[in-house]
Amino acid sequence: MELEGTITTLRLGNPHGEVTLDVDGETWTVEVGQPWRNERAGLAEGDLAEGVELRVSG
C-alpha cells in the first residue's frame, strides 16, 4: 500500500512516532520508528515537519 500526502501534525518520540497525513482530503495516521531508528535510516531533524509532502509505503 502506498499513500502520498501532506503532513498536518506529528509527534516524534518513544516508543514510536506518529505522523498525520492529509491524503486527498482524508486523514491518515502513520507510525514511524523510534528516534534512533529514524536517525539510522537517514532522517535528519526537520525532514518530518508540518507541510512536508510524504510518500509512505507499507
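Preceding this section is the structure that the text describes.
Presented here is a report on the structure given in the accompanying data block. Treat the numbers as computed from the prediction; the structure is a model and nothing was measured.

One pass over the structure, following the stated rule, counts one salt bridge. For Glu-4, the salt bridge goes to Arg-55, with nearest N and O atoms at 3.3 Å. Of this pair, Glu-4 sits in strand β1 (residues 2-11) while Arg-55 sits in strand β4 (residues 53-57), and the two are 51 residues apart along the sequence. Its relative accessible area of 55% is what places Arg-55 among the exposed residues.

This paragraph deals with the pairing of β1. Relative to β4, β1 runs antiparallel, the two sharing five bridges. Bridged to Glu-4 within β4 is Arg-55. Two strands pair when backbone bridges link them, and β1 and strand β2 (residues 17-23) are joined in this way by five bridges, in the antiparallel orientation. Across the sheet, Ile-7 pairs through a bridge with Leu-21, a residue of β2. The turn joining β1 and β2, which pair antiparallel and follow one another in sequence, is formed by five residues; a positive phi near 160° is taken by Gly-13.

Spatially, β3-β2-β1-β4 is the arrangement adopted by the four strands of the open sheet, whose pairing is antiparallel. Looking at the sheet topology across the chains shown, the edges are occupied by β3 (26-32) and β4. When the angles between neighbouring strand axes are averaged without regard to direction, this sheet yields 50°.

How each quantity is defined
Residues numbered from 1 in each chain as written. Predicted model: local features only at pLDDT ≥ 70, side-chain atom pairs only at ≥ 80, totals over all residues. Heavy atoms only, no water. Salt bridge = Lys/Arg side-chain N within 4 Å of Asp/Glu carboxyl O. Helix = DSSP H or I, 4+ residues; strand = E, 2+ residues; numbered from the N terminus. Buried < 20%, exposed > 50% of the residue type's maximum accessible area, 1.4 Å probe, protein only. Pairing = 2+ DSSP bridges. Axes fitted to C-alpha atoms, helices over the stretch in contact; angles between N-to-C directions.

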